[in-house]
Amino acid sequence: MTTLVVLGGADGSVGVYQRARTLGYRTICVDIRPTAPGVLHADEFVQLSVRAPERIASTLAGRDDIVGVLCPASDVGLPALAWLTRHWNLPALLPDLAMRASVDKSAFRELCVELGLPGYRAVSGAPDDDLVKRARELRFPALVKPVDSSGSRGVVACAGPGSLRSAFAEAVAFSPEGKLVVEEYLTGEHLTVEVLMRRSRVAFHAVTERTITPPPYFVTTAHLVPAELSSEVDAELVRMLEAICERIEYPDGPLTLDAVLGRDGTLYLVEMGARMGGNGLAELVESCYGVDIMAATMATAVGEEPVLTPRDPVPTMVQVFGADRAGRLAEVTGLDEVRAHPAVVDLRLFAEEGTFVRAYEQAGYKLGYAVLQASTMDELRDAAEAVRGALKFRLDDVAQAVPRP
(Lines give C-alpha, C1' and ligand atoms only; values in the text may rest on other atoms or scores of the structure.)
Protein backbone atom coordinates (compact mmCIF):
# COMPACT_ATOMS: atom_id res chain seq x y z
CA MET A 1 0.00 0.00 0.00
CA THR A 2 1.26 3.48 -0.85
CA THR A 3 0.82 6.27 1.66
CA LEU A 4 0.90 10.06 1.42
CA VAL A 5 1.82 12.20 4.42
CA VAL A 6 -0.40 15.28 4.41
CA LEU A 7 0.85 18.19 6.49
CA GLY A 8 -2.20 19.89 7.97
CA GLY A 9 -5.83 18.98 8.44
CA ALA A 10 -7.53 22.36 7.97
CA ASP A 11 -10.76 22.63 5.99
CA GLY A 12 -8.84 23.46 2.81
CA SER A 13 -7.20 20.03 2.90
CA VAL A 14 -10.34 17.89 3.14
CA GLY A 15 -10.67 17.46 -0.62
CA VAL A 16 -7.08 16.22 -0.81
CA TYR A 17 -7.75 13.38 1.62
CA GLN A 18 -10.90 12.42 -0.25
CA ARG A 19 -9.24 12.55 -3.67
CA ALA A 20 -6.24 10.55 -2.46
CA ARG A 21 -8.53 7.76 -1.34
CA THR A 22 -10.24 7.55 -4.73
CA LEU A 23 -6.80 7.31 -6.33
CA GLY A 24 -5.81 4.40 -4.11
CA TYR A 25 -3.53 6.17 -1.65
CA ARG A 26 -3.65 5.87 2.11
CA THR A 27 -3.17 9.16 3.96
CA ILE A 28 -1.58 10.21 7.22
CA CYS A 29 -2.84 13.52 8.59
CA VAL A 30 -0.27 15.47 10.61
CA ASP A 31 -1.84 18.19 12.72
CA ILE A 32 -1.60 19.38 16.29
CA ARG A 33 -5.40 19.50 16.56
CA PRO A 34 -7.33 16.23 16.88
CA THR A 35 -10.48 18.13 15.88
CA ALA A 36 -9.04 19.39 12.56
CA PRO A 37 -11.49 18.63 9.70
CA GLY A 38 -8.97 16.55 7.77
CA VAL A 39 -8.54 14.08 10.64
CA LEU A 40 -11.93 12.52 9.93
CA HIS A 41 -10.96 11.86 6.30
CA ALA A 42 -7.45 10.50 6.83
CA ASP A 43 -6.53 6.84 7.32
CA GLU A 44 -4.13 7.69 10.15
CA PHE A 45 -3.56 10.66 12.42
CA VAL A 46 -0.27 11.89 13.87
CA GLN A 47 -0.83 14.56 16.51
CA LEU A 48 2.22 16.73 15.99
CA SER A 49 2.93 20.25 14.79
CA VAL A 50 3.69 20.52 11.07
CA ARG A 51 6.59 22.73 12.18
CA ALA A 52 8.37 19.71 13.72
CA PRO A 53 9.72 17.57 10.85
CA GLU A 54 12.24 15.70 13.00
CA ARG A 55 9.48 14.55 15.37
CA ILE A 56 7.28 13.58 12.43
CA ALA A 57 10.12 11.50 10.96
CA SER A 58 10.81 9.88 14.32
CA THR A 59 7.15 8.95 14.78
CA LEU A 60 6.98 7.42 11.30
CA ALA A 61 10.43 5.80 11.40
CA GLY A 62 10.64 2.38 9.79
CA ARG A 63 7.74 2.92 7.41
CA ASP A 64 8.42 1.72 3.88
CA ASP A 65 5.03 2.70 2.43
CA ILE A 66 5.46 6.50 2.37
CA VAL A 67 5.75 7.67 -1.25
CA GLY A 68 5.08 11.41 -1.02
CA VAL A 69 4.45 14.43 1.18
CA LEU A 70 1.81 17.09 0.52
CA CYS A 71 1.17 20.47 2.14
CA PRO A 72 -2.17 21.74 0.81
CA ALA A 73 -3.81 25.09 1.51
CA SER A 74 -1.15 26.51 3.87
CA ASP A 75 2.50 27.56 3.72
CA VAL A 76 3.15 26.70 7.38
CA GLY A 77 4.21 23.12 6.68
CA LEU A 78 6.42 23.81 3.65
CA PRO A 79 9.71 23.85 5.62
CA ALA A 80 8.75 20.44 7.03
CA LEU A 81 7.86 19.21 3.52
CA ALA A 82 11.30 20.28 2.29
CA TRP A 83 13.01 18.53 5.20
CA LEU A 84 10.96 15.32 5.05
CA THR A 85 11.27 14.81 1.29
CA ARG A 86 15.05 14.95 1.68
CA HIS A 87 15.04 12.77 4.78
CA TRP A 88 12.98 10.07 3.08
CA ASN A 89 14.73 10.54 -0.30
CA LEU A 90 11.44 11.13 -2.10
CA PRO A 91 11.29 12.13 -5.79
CA ALA A 92 9.69 15.59 -5.42
CA LEU A 93 12.13 17.73 -3.44
CA LEU A 94 11.33 21.31 -2.48
CA PRO A 95 14.41 23.52 -3.02
CA ASP A 96 15.37 25.92 -0.24
CA LEU A 97 14.87 28.98 -2.45
CA ALA A 98 11.34 27.87 -3.34
CA MET A 99 10.55 27.19 0.29
CA ARG A 100 11.87 30.57 1.46
CA ALA A 101 9.98 32.48 -1.23
CA SER A 102 6.82 30.70 -0.09
CA VAL A 103 7.09 31.23 3.66
CA ASP A 104 8.67 34.70 3.74
CA LYS A 105 6.82 37.47 1.92
CA SER A 106 9.86 39.73 2.06
CA ALA A 107 11.96 37.04 0.36
CA PHE A 108 9.43 36.86 -2.47
CA ARG A 109 9.50 40.64 -2.87
CA GLU A 110 13.30 40.54 -3.07
CA LEU A 111 13.05 37.79 -5.70
CA CYS A 112 10.72 39.90 -7.84
CA VAL A 113 13.10 42.88 -7.57
CA GLU A 114 16.07 40.71 -8.53
CA LEU A 115 14.25 39.44 -11.63
CA GLY A 116 13.11 42.91 -12.64
CA LEU A 117 9.41 42.05 -12.39
CA PRO A 118 6.81 44.79 -11.97
CA GLY A 119 6.87 45.83 -8.34
CA TYR A 120 5.80 48.24 -5.65
CA ARG A 121 7.68 49.55 -2.65
CA ALA A 122 7.89 47.49 0.51
CA VAL A 123 10.08 47.30 3.60
CA SER A 124 10.50 44.50 6.10
CA GLY A 125 12.06 43.64 9.43
CA ALA A 126 11.38 43.45 13.14
CA PRO A 127 8.66 45.84 14.38
CA ASP A 128 11.07 48.43 15.76
CA ASP A 129 11.88 52.11 15.32
CA ASP A 130 13.96 51.41 12.23
CA LEU A 131 11.04 49.71 10.46
CA VAL A 132 8.78 52.63 11.39
CA LYS A 133 11.31 55.05 9.93
CA ARG A 134 11.64 53.12 6.67
CA ALA A 135 7.89 52.53 6.38
CA ARG A 136 7.19 56.26 6.67
CA GLU A 137 8.82 56.69 3.25
CA LEU A 138 6.15 54.54 1.58
CA ARG A 139 2.99 55.77 -0.12
CA PHE A 140 -0.10 55.30 2.05
CA PRO A 141 -2.46 53.56 2.53
CA ALA A 142 -0.22 50.56 3.17
CA LEU A 143 -0.62 46.99 4.36
CA VAL A 144 1.23 45.52 7.32
CA LYS A 145 1.66 41.74 7.11
CA PRO A 146 3.51 39.04 9.02
CA VAL A 147 6.22 37.80 6.68
CA ASP A 148 5.34 34.18 7.49
CA SER A 149 1.56 33.83 7.68
CA SER A 150 -1.12 32.88 5.14
CA GLY A 151 -4.89 32.94 4.87
CA SER A 152 -5.04 36.69 5.61
CA ARG A 153 -3.91 36.11 9.21
CA GLY A 154 -2.46 39.26 10.71
CA VAL A 155 -2.94 41.51 7.65
CA VAL A 156 -3.64 45.04 8.88
CA ALA A 157 -4.55 48.09 6.81
CA CYS A 158 -2.62 51.22 7.72
CA ALA A 159 -4.14 54.52 6.58
CA GLY A 160 -1.15 56.66 7.47
CA PRO A 161 2.24 56.75 9.20
CA GLY A 162 0.63 57.54 12.53
CA SER A 163 -1.01 54.10 12.60
CA LEU A 164 2.17 52.11 11.99
CA ARG A 165 2.99 51.21 15.59
CA SER A 166 -0.52 50.00 16.39
CA ALA A 167 -0.61 48.03 13.13
CA PHE A 168 2.76 46.48 14.00
CA ALA A 169 1.50 45.38 17.41
CA GLU A 170 -1.56 43.71 15.88
CA ALA A 171 0.21 42.03 12.96
CA VAL A 172 3.30 40.71 14.75
CA ALA A 173 1.15 38.50 16.98
CA PHE A 174 0.66 36.28 13.93
CA SER A 175 4.35 35.99 13.01
CA PRO A 176 6.31 33.08 14.50
CA GLU A 177 9.53 34.84 13.43
CA GLY A 178 8.44 38.22 14.80
CA LYS A 179 9.00 39.92 11.42
CA LEU A 180 6.72 42.12 9.32
CA VAL A 181 6.53 43.46 5.81
CA VAL A 182 4.97 46.84 5.08
CA GLU A 183 3.94 47.32 1.48
CA GLU A 184 2.13 49.93 -0.54
CA TYR A 185 -1.48 49.01 -1.21
CA LEU A 186 -2.16 48.10 -4.83
CA THR A 187 -5.43 49.16 -6.38
CA GLY A 188 -6.85 47.10 -9.21
CA GLU A 189 -8.33 43.68 -9.85
CA HIS A 190 -7.34 41.02 -7.32
CA LEU A 191 -6.42 37.67 -8.85
CA THR A 192 -5.30 34.23 -7.78
CA VAL A 193 -3.15 32.07 -10.04
CA GLU A 194 -3.09 28.26 -9.81
CA VAL A 195 -0.17 26.67 -11.65
CA LEU A 196 1.35 23.29 -12.33
CA MET A 197 4.99 23.40 -13.38
CA ARG A 198 6.48 20.57 -15.39
CA ARG A 199 10.11 20.44 -16.51
CA SER A 200 10.54 24.16 -15.77
CA ARG A 201 7.61 25.17 -17.96
CA VAL A 202 4.07 26.21 -17.11
CA ALA A 203 2.18 23.04 -18.00
CA PHE A 204 -1.15 24.47 -16.86
CA HIS A 205 -2.37 27.65 -15.21
CA ALA A 206 -5.72 29.13 -14.27
CA VAL A 207 -6.41 32.70 -13.15
CA THR A 208 -9.35 33.58 -10.91
CA GLU A 209 -10.96 36.94 -10.27
CA ARG A 210 -10.88 37.19 -6.48
CA THR A 211 -13.42 39.10 -4.42
CA ILE A 212 -12.20 40.16 -0.99
CA THR A 213 -13.73 41.78 2.05
CA PRO A 214 -13.07 45.49 2.55
CA PRO A 215 -10.46 46.68 5.07
CA PRO A 216 -9.30 45.78 7.61
CA TYR A 217 -9.27 42.03 6.84
CA PHE A 218 -9.00 41.49 3.03
CA VAL A 219 -10.34 37.91 3.22
CA THR A 220 -11.49 36.08 0.08
CA THR A 221 -15.26 35.76 -0.38
CA ALA A 222 -15.34 34.44 -3.97
CA HIS A 223 -13.23 33.18 -6.87
CA LEU A 224 -14.50 33.46 -10.46
CA VAL A 225 -13.04 31.71 -13.52
CA PRO A 226 -12.06 32.22 -16.21
CA ALA A 227 -10.64 35.66 -15.43
CA GLU A 228 -10.77 38.19 -18.22
CA LEU A 229 -7.09 38.71 -19.04
CA SER A 230 -5.79 39.92 -22.36
CA SER A 231 -3.57 37.52 -24.28
CA GLU A 232 -0.66 39.92 -23.74
CA VAL A 233 -1.08 39.97 -19.96
CA ASP A 234 -1.51 36.19 -19.86
CA ALA A 235 1.66 35.66 -21.89
CA GLU A 236 3.55 38.02 -19.56
CA LEU A 237 2.24 36.05 -16.57
CA VAL A 238 3.62 32.81 -18.00
CA ARG A 239 6.97 34.48 -18.65
CA MET A 240 7.14 35.75 -15.06
CA LEU A 241 6.19 32.35 -13.61
CA GLU A 242 8.87 30.53 -15.59
CA ALA A 243 11.49 33.14 -14.67
CA ILE A 244 10.65 32.75 -10.98
CA CYS A 245 10.73 28.96 -11.09
CA GLU A 246 14.05 28.94 -12.92
CA ARG A 247 15.55 31.23 -10.27
CA ILE A 248 14.20 29.21 -7.31
CA GLU A 249 15.12 25.91 -9.00
CA TYR A 250 11.54 24.60 -8.90
CA PRO A 251 10.96 22.64 -12.13
CA ASP A 252 7.98 20.49 -11.11
CA GLY A 253 4.99 20.91 -8.85
CA PRO A 254 2.10 23.18 -7.92
CA LEU A 255 2.17 26.92 -7.30
CA THR A 256 -0.45 29.29 -5.97
CA LEU A 257 0.02 33.05 -6.23
CA ASP A 258 -1.86 36.21 -5.37
CA ALA A 259 -1.64 38.96 -7.95
CA VAL A 260 -3.16 42.34 -8.77
CA LEU A 261 -3.88 43.63 -12.25
CA GLY A 262 -3.24 47.33 -11.68
CA ARG A 263 -5.35 50.09 -13.09
CA ASP A 264 -2.43 50.86 -15.39
CA GLY A 265 -2.76 47.39 -16.95
CA THR A 266 0.39 46.08 -15.25
CA LEU A 267 0.27 42.69 -13.56
CA TYR A 268 1.90 42.63 -10.12
CA LEU A 269 2.69 39.38 -8.31
CA VAL A 270 2.09 39.78 -4.56
CA GLU A 271 3.04 36.47 -2.92
CA MET A 272 3.47 32.79 -3.75
CA GLY A 273 3.30 29.33 -2.25
CA ALA A 274 4.86 26.17 -3.68
CA ARG A 275 1.64 24.25 -3.05
CA MET A 276 -2.01 24.01 -4.08
CA GLY A 277 -4.34 26.83 -3.09
CA GLY A 278 -7.19 26.47 -0.59
CA ASN A 279 -10.73 27.88 -0.55
CA GLY A 280 -11.99 25.25 -3.01
CA LEU A 281 -9.59 26.31 -5.77
CA ALA A 282 -8.78 22.75 -6.86
CA GLU A 283 -12.49 21.94 -7.17
CA LEU A 284 -13.01 25.22 -9.02
CA VAL A 285 -10.27 24.45 -11.55
CA GLU A 286 -11.52 20.93 -12.18
CA SER A 287 -15.11 22.11 -12.68
CA CYS A 288 -14.06 24.89 -15.06
CA TYR A 289 -11.23 23.28 -17.04
CA GLY A 290 -11.52 19.56 -16.35
CA VAL A 291 -7.98 19.53 -14.90
CA ASP A 292 -7.59 17.58 -11.65
CA ILE A 293 -4.97 19.67 -9.84
CA MET A 294 -5.10 17.37 -6.80
CA ALA A 295 -4.37 14.23 -8.82
CA ALA A 296 -1.67 16.05 -10.81
CA THR A 297 0.01 17.26 -7.62
CA MET A 298 -0.05 13.78 -6.12
CA ALA A 299 1.43 12.31 -9.30
CA THR A 300 4.24 14.88 -9.20
CA ALA A 301 4.84 14.21 -5.50
CA VAL A 302 5.41 10.50 -6.11
CA GLY A 303 7.49 10.97 -9.27
CA GLU A 304 4.84 10.09 -11.83
CA GLU A 305 3.68 11.98 -14.92
CA PRO A 306 0.60 14.14 -14.23
CA VAL A 307 -2.40 14.03 -16.56
CA LEU A 308 -3.22 17.52 -17.88
CA THR A 309 -5.86 17.68 -20.60
CA PRO A 310 -7.74 20.98 -20.17
CA ARG A 311 -10.98 21.63 -21.99
CA ASP A 312 -12.57 24.93 -22.97
CA PRO A 313 -13.47 26.74 -19.74
CA VAL A 314 -17.02 26.93 -18.39
CA PRO A 315 -17.96 29.88 -16.11
CA THR A 316 -17.44 28.67 -12.55
CA MET A 317 -17.33 30.26 -9.11
CA VAL A 318 -16.44 29.41 -5.55
CA GLN A 319 -18.64 31.26 -3.08
CA VAL A 320 -17.25 31.31 0.48
CA PHE A 321 -19.59 31.48 3.47
CA GLY A 322 -18.74 33.17 6.74
CA ALA A 323 -20.28 34.90 9.74
CA ASP A 324 -20.00 38.60 10.50
CA ARG A 325 -19.58 38.00 14.23
CA ALA A 326 -18.57 35.26 16.64
CA GLY A 327 -21.15 33.10 18.36
CA ARG A 328 -22.78 29.72 18.64
CA LEU A 329 -24.10 28.36 15.35
CA ALA A 330 -27.67 27.59 16.31
CA GLU A 331 -29.09 26.63 12.92
CA VAL A 332 -28.32 26.41 9.20
CA THR A 333 -31.31 26.79 6.89
CA GLY A 334 -31.75 26.59 3.14
CA LEU A 335 -29.46 23.61 2.61
CA ASP A 336 -31.97 21.56 0.62
CA GLU A 337 -32.78 24.52 -1.61
CA VAL A 338 -29.10 25.21 -2.27
CA ARG A 339 -28.23 21.57 -2.96
CA ALA A 340 -31.14 21.33 -5.41
CA HIS A 341 -30.07 24.43 -7.35
CA PRO A 342 -28.97 23.36 -10.86
CA ALA A 343 -25.87 25.57 -10.74
CA VAL A 344 -24.46 24.06 -7.53
CA VAL A 345 -21.70 21.56 -8.29
CA ASP A 346 -20.52 21.08 -4.72
CA LEU A 347 -21.40 22.35 -1.25
CA ARG A 348 -19.12 21.93 1.77
CA LEU A 349 -19.75 23.10 5.32
CA PHE A 350 -17.08 23.15 8.01
CA ALA A 351 -19.14 24.14 11.05
CA GLU A 352 -21.82 22.11 12.77
CA GLU A 353 -24.89 23.36 14.53
CA GLY A 354 -24.20 23.91 18.22
CA THR A 355 -20.51 24.76 17.76
CA PHE A 356 -18.80 28.11 18.33
CA VAL A 357 -17.82 29.97 15.15
CA ARG A 358 -15.67 33.04 14.64
CA ALA A 359 -16.23 36.12 12.55
CA TYR A 360 -14.84 35.65 9.04
CA GLU A 361 -11.65 37.60 9.57
CA GLN A 362 -9.28 34.82 8.42
CA ALA A 363 -9.56 32.17 5.72
CA GLY A 364 -9.57 29.45 8.39
CA TYR A 365 -12.76 30.89 9.91
CA LYS A 366 -14.97 30.15 6.90
CA LEU A 367 -18.21 28.26 7.51
CA GLY A 368 -18.02 26.54 4.14
CA TYR A 369 -18.12 27.13 0.41
CA ALA A 370 -20.09 26.22 -2.70
CA VAL A 371 -18.84 25.59 -6.23
CA LEU A 372 -21.26 26.88 -8.84
CA GLN A 373 -21.27 26.60 -12.62
CA ALA A 374 -23.43 28.01 -15.41
CA SER A 375 -23.43 28.53 -19.17
CA THR A 376 -22.79 32.26 -18.97
CA MET A 377 -21.27 34.69 -16.49
CA ASP A 378 -24.62 36.43 -16.03
CA GLU A 379 -26.33 33.14 -15.19
CA LEU A 380 -23.51 32.29 -12.80
CA ARG A 381 -23.80 35.59 -10.94
CA ASP A 382 -27.58 35.16 -10.69
CA ALA A 383 -27.07 31.67 -9.27
CA ALA A 384 -24.59 32.96 -6.70
CA GLU A 385 -27.08 35.63 -5.64
CA ALA A 386 -29.78 32.97 -5.23
CA VAL A 387 -27.49 30.75 -3.14
CA ARG A 388 -26.45 33.61 -0.89
CA GLY A 389 -30.08 34.53 -0.39
CA ALA A 390 -31.20 30.99 0.40
CA LEU A 391 -28.46 29.85 2.77
CA LYS A 392 -28.76 31.32 6.27
CA PHE A 393 -26.62 30.80 9.35
CA ARG A 394 -28.38 31.66 12.60
CA LEU A 395 -26.00 32.54 15.43
CA ASP A 396 -27.76 32.32 18.78
CA ASP A 397 -31.03 34.16 18.12
CA VAL A 398 -29.97 36.37 15.20
CA ALA A 399 -30.50 35.31 11.58
CA GLN A 400 -27.63 36.20 9.25
CA ALA A 401 -27.08 35.83 5.55
CA VAL A 402 -23.66 34.82 4.33
CA PRO A 403 -21.30 37.65 3.34
CA ARG A 404 -21.82 39.17 -0.07
CA PRO A 405 -18.88 39.85 -2.37
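See the structure shown above.
Residues numbered from 1 in each chain as written. Predicted model: local features only at pLDDT ≥ 70, side-chain atom pairs only at ≥ 80, totals over all residues. Heavy atoms only, no water.

Draft legend 1. Local environment of the state of the cysteines. For the structure on display, the rule yields zero disulfides. No disulfide involves Cys 71; its sulfur sits 11 Å from the nearest other cysteine sulfur, which is in Cys 29. Judged by relative accessible area, Cys 71 falls into the buried class, the value being 5%. (Disulfide = S-S within 2.5 Å. Buried < 20%, exposed > 50% of the residue type's maximum accessible area, 1.4 Å probe, protein only.)

Draft legend 2. How the structure looks around empty space enclosed by the protein. Tallied over the entire structure, the rule returns two cavities of 30 Å³ or more. The calculated volume of the largest cavity comes to roughly 230 Å³. For the lining of the largest cavity, the elements supplying multiple residues, two or more each, are strand 4 (66–70), helix 3 (78–87), strand 12 (253–262) and helix 10 (293–301). Tallied by class, the residues present in the lining of the largest cavity amount to 15 nonpolar, five polar and two charged. Here the second largest cavity is characterised by a volume of approximately 80 Å³. If you trace the second largest cavity, you find 17 residues lining it, with Gly 12, Gly 277, Ala 282, Glu 283 and Met 294 closest to the centre. At the level of elements, helix 1 (14–22) and helix 9 (281–289) are the ones that each hand at least two residues to the lining of the second largest cavity. For the lining of the second largest cavity, the per-class residue count stands at eight nonpolar, six polar and three charged. (1 Å grid on protein atoms, 1.4 Å probe; cavity = no way out; pocket = protein on both sides within 12 Å on 5 of 7 lines; lining within 4 Å. Points joined across faces, edges and corners; volume = space filled by probe spheres on them. Helix = DSSP H or I, 4+ residues; strand = E, 2+ residues; numbered from the N terminus. Nonpolar A, V, L, I, M, F, W, Y, C, P; charged D, E, K, R; others polar.)

Draft legend 3. Highlighting the sheet that holds strand 4. Spatial strand order, 3-2-1-4: four strands in an open sheet with parallel pairing. Looking at which strands have only one partner, the edges of the open sheet turn out to be strand 3 (44–46) and strand 4. On average, each strand axis in the sheet is inclined to that of its neighbour by 25°, with strand direction left out of account. When strand 1 (residues 3–7) meets strand 2 (residues 26–30), the two strands line up parallel, connected through five bridges. Across the sheet, residue Val 6 finds its bridge partner in strand 2, namely Cys 29. Helix-sheet contacts for helix 3 involve strand 1 and strand 4, and the interaxial angle to strand 4 is about 160°. Lying on the sheet, helix 10 is in contact with strand 1 and strand 4; it crosses strand 4 at an angle near 125°. (Pairing = 2+ DSSP bridges. Axes fitted to C-alpha atoms, helices over the stretch in contact; angles between N-to-C directions. Contact = heavy atoms within 4.5 Å.)

Draft legend 4. Looking closely at the sheet that holds strand 13 (residues 267–273). On the basis of which strands lie adjacent, the open sheet formed by eight strands has the order 13-12-9-10-11-14-18-16 and antiparallel pairing. Lying at the two open borders of the sheet, with one neighbouring strand each, are strand 13 and strand 16 (344–349). With direction set aside, neighbouring strand axes in the sheet form an average angle of 20°. With four bridges joining them, strand 10 (residues 201–212) and strand 11 (residues 220–225) adopt antiparallel strand pairing. Within strand 11, the position partnered with Thr 211 by the bridge is Ala 222. Its contacts with the sheet place helix 8 (residues 231–247) against strand 9 (188–198), strand 10, strand 12 and strand 13, and it is angled at close to 115° to strand 10.

Draft legend 5. Structural view of the pattern of salt bridges. This structure, assessed with the given rule, holds 28 salt bridges. The salt bridge partner of Glu 44 is Arg 26, with a shortest N-O separation of 3.0 Å. With Glu 44 in strand 3 and Arg 26 in strand 2, the pair connects residues that are 18 residues apart, well separated along the chain. The partly exposed category is assigned to Arg 26, whose relative accessible area is 25%. Put simply, Glu 283 and Arg 348 hold a salt bridge, and the shortest N to O gap is 3.7 Å. Remark: Arg 348 occurs in strand 16 and Glu 283 occurs in helix 9; sequence separation between them is 65 residues. Under the relative-accessibility criterion, Arg 348 is labelled buried at 17%. Residues joined by salt bridges that share partners form a network here, namely Arg 26, Glu 44, Arg 63 and Asp 65. (Salt bridge = Lys/Arg side-chain N within 4 Å of Asp/Glu carboxyl O.)

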